[in-house]
Every structure is written in C-alpha cells, then in structure tokens.
Amino acid sequence: GGYTLSGGHTLYRYVDGTPPLNTVFDTDSWNVPVRAGNSYEASAYISSHRCIVYLIVVFYDSNGNWIQSIDSTQSGAGNDLNNGSLNNITGGNGDLSTYKRLWVHGAAPATATQALLVVRAVSDGVSSWPYQFITRPKFSLMAPGQSKVSDWTPTPPGGADSRSSS
C-alpha cells in the first residue's frame, strides 16, 4: 500500500513546508565508471507530488570535473512521459503500473571516466510538501542501434561497463 512498490524498494525525498518557486531537490546515485564514446542509458520509475521531476546523467573526468549533463527533457527520449519530465504523477497502492518511467541516453564525452545519475525535482512554489518517489533505477550500456528504453534489469556488479568488451 501507500506510495511504495510492493515487493520492491522505493526511495522518496521531500521538502518541508511550501518551498519557494523552482526550489530544486536532487536524489543522486554514486559515481559509475564509464568509457568515453560508449553510449549509455539511464531510467527510473518515478512518482511525484506537487513538483516536476526529471532524470539527468552527469559526466565527469578522472579529476571529478564536470564535463556534460544530459537530461530527460533534452535527450529526445521519453516522449510518452511528458517529453521527459513529470508533474504530479501519483504512483500508489504498491503497483508499478501507476509509476511513470523516465529515460535519458547519450554517449560519454571524450574525457569522461565516470557518470552520476540524478533524479531532480523542482517545486511549483505554491504547493506544500513536494515529494519524489523513485524505484527501479537503471544505468547501463546501450546496445548498438538501440532507439528505445531497454527492459529493466538490475545493473550487474561492477557497474554498467562490466558487460562491455571494449
């Protein structure tokens, strides 16, 4: 019941009270190793209350310097999900079908060695207690010629590149 996935895990994050317009609250992953030039995808099933939520992949170099970010509203993906962002999508009763899946994809830049997955929520400045709910996050290599989100499976031990042969 409630807003958590039955038989699974759900992470949620919120802001107390009524935050000012465009208040950002992020939920970040840990850094994942990547190889420059390889194409990666990230996805997560999301529910949101009183905020807009989207997915971001941030690429860093070996010194931890930011190189590039790709978000679900810019990647050309997720057109069936409000062009990659979600506003007040209510997942509930423990049913995955009530969540929406966001997807972002792109190639790691030339000097990239690591990536970070971010689920970003932005408050509307009017509503109180905005929430984001996240379940089944995924970060993985894309198959050659892939043009849509792949089926969800847990990322293998060792990160997204553990399945790469190059």
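In what follows, the structure referred to is the one given above.
Notes on the structure in this doc start here. All values reported here derive from a predicted model rather than from experimental measurement.

## Quick word on the overall build of the protein
Then step 1. Looking only at helices and strands, the protein features zero helices and 10 strands.
Then step 2. Here the protein holds 166 residues, and the buried ones make up 46% of them.
Then step 3. When contacts within the protein are restricted to residue pairs at least 6 apart in sequence, long-range pairs at least 24 apart make up 80% of them.

## Notes on empty space enclosed by the protein
Regions of empty space are outlined by a rolling probe, equal in size to a water molecule, passed over the atoms.
Then step 1. Following the criterion strictly, the structure yields one cavity of 30 Å³ or more and no others.
Then step 2. Put simply, the largest cavity is a space of about 30 Å³.
Then step 3. Forming the walls of the largest cavity are Y40, E41, A42, V57, F59, I70, V104, H105, G106 and F139.
Then step 4. Breaking the lining of the largest cavity down by element, the ones donating at least two residues are β4 (39–49), β5 (51–60) and β8 (100–107).
Then step 5. A breakdown of the residues in the lining of the largest cavity according to their chemical character gives seven nonpolar, two polar and one charged.

## Examining the nonpolar core
Side chains of a nonpolar character, in soluble globular proteins, are inclined to be buried together.
Then step 1. Core analysis: the biggest nonpolar cluster contains 25 residues, and V34, A42, I46, L55, V57, F59 and F139 have the highest contact counts within it.
Then step 2. Of all the elements in the fold, those that place two or more residues in this core are β4, β5, β8, β9 (114–123) and β10 (131–141).
Then step 3. Per-element accounting of this core gives the leading share, five residues, to β5.
Then step 4. Each residue touching A42, except ones within four places of it in the same chain, is listed here: L55, V57, L102, W103, V104, L117, K138 and F139.
Then step 5. Of all hydrophobic cores here, the second largest spans seven residues; its members include Y54, V58, Y60 and L116.

## Section: a nonpolar patch on the surface
Then step 1. Residues Y12, Y14 and W129 make up a contiguous nonpolar surface patch of roughly 320 Å² in combined accessible area.
Then step 2. Residue placement: Y14 occurs in strand β1 (residues 11–14).

## Thoughts on the pairing of strand β6 (residues 66–71)
Then step 1. Direction of pairing for β5 relative to β6: antiparallel, over a ladder of five bridges. Looking at the pairing, F59 lines up with Q68 of β6.
Then step 2. Taking the residues between adjacent antiparallel strands as the criterion, β5 and β6 are bridged by five residues, where G64 takes a positive phi near 85°.

## Considering the side chain of K138
Then step 1. Mapped onto the secondary structure, K138 falls in strand β10.
Then step 2. Within the buried core, K138 has no salt-bridge partner, and the shortest N-O distance to an opposite charge, that of E41, equals 4.0 Å.
Then step 3. A distance of 2.6 Å separates a polar atom in the side chain of K138 from the backbone oxygen of D151.

## Some points on the sheet that holds β10
Then step 1. A sheet is described by the order of its strands in space; here four strands give the open sequence β1-β10-β4-β8, paired in antiparallel fashion. With one partner strand each, in any of the chains shown, β1 and β8 form the two edges of the open sheet. Strand-to-strand, the axes of this sheet are offset by a mean angle of 30°, without reference to chain direction.
Then step 2. For β4 and β10, the ladder comprises nine bridges, and the chain directions are antiparallel. Within β10, the position partnered with Y45 by the bridge is T135.

## Digging into the side chain of S123
Then step 1. The topology assignment puts S123 in strand β9.
Then step 2. Classification of S123 as buried rests on a relative accessible area of 3%.
Then step 3. Within the structure, the side chain of S123 is placed 2.7 Å from the backbone oxygen of P20, a separation counted as a polar contact.

## Here's the deal with the packing of aromatic side chains
Then step 1. The tally for this structure, following the rule as stated, stands at seven aromatic pairs.
Then step 2. Put simply, the rings of Y12, Y14, W129, Y131 and F133 touch in pairs and so form one group of aromatic residues.
Then step 3. Taking the ring centre of W152 as reference, the NZ or CZ of R136 above it sits at 4.7 Å.

Rules and cut-offs
- Residues numbered from 1 in each chain as written.
- Predicted model: local features only at pLDDT ≥ 70, side-chain atom pairs only at ≥ 80, totals over all residues.
- Heavy atoms only, no water.
- Helix = DSSP H or I, 4+ residues; strand = E, 2+ residues; numbered from the N terminus.
- Buried < 20%, exposed > 50% of the residue type's maximum accessible area, 1.4 Å probe, protein only.
- Contact = heavy atoms within 4.5 Å.
- 1 Å grid on protein atoms, 1.4 Å probe; cavity = no way out; pocket = protein on both sides within 12 Å on 5 of 7 lines; lining within 4 Å.
- Points joined across faces, edges and corners; volume = space filled by probe spheres on them.
- Nonpolar A, V, L, I, M, F, W, Y, C, P; charged D, E, K, R; others polar.
- Core = buried A, V, L, I, M, F, W, Y, C linked by side-chain atoms within 4.5 Å.
- Patch = residues over 30% accessible without salt bridge, like charges linked within 9 Å, V, L, I, M, F, W, Y side chains within 5 Å.
- Areas by Shrake-Rupley, 256 points an atom, 1.4 Å probe, with all protein chains shown as cover.
- Salt bridge = Lys/Arg side-chain N within 4 Å of Asp/Glu carboxyl O.
- Pairing = 2+ DSSP bridges.
- Lys, Arg positive; Asp, Glu negative; His and termini not counted.
- Polar contact = N/O pair within 3.5 Å; in protein donor to acceptor, adjacent residues only side chain to side chain.
- Axes fitted to C-alpha atoms, helices over the stretch in contact; angles between N-to-C directions.
- Phe/Tyr/Trp six-rings, centres within 6.5 Å; stacked < 30°, edge-to-face > 60°.
- Lys NZ or Arg CZ within 6 Å of the ring centre and 35° of its normal.

Honestly, that's just the spatial picture; any functional story needs more than this.
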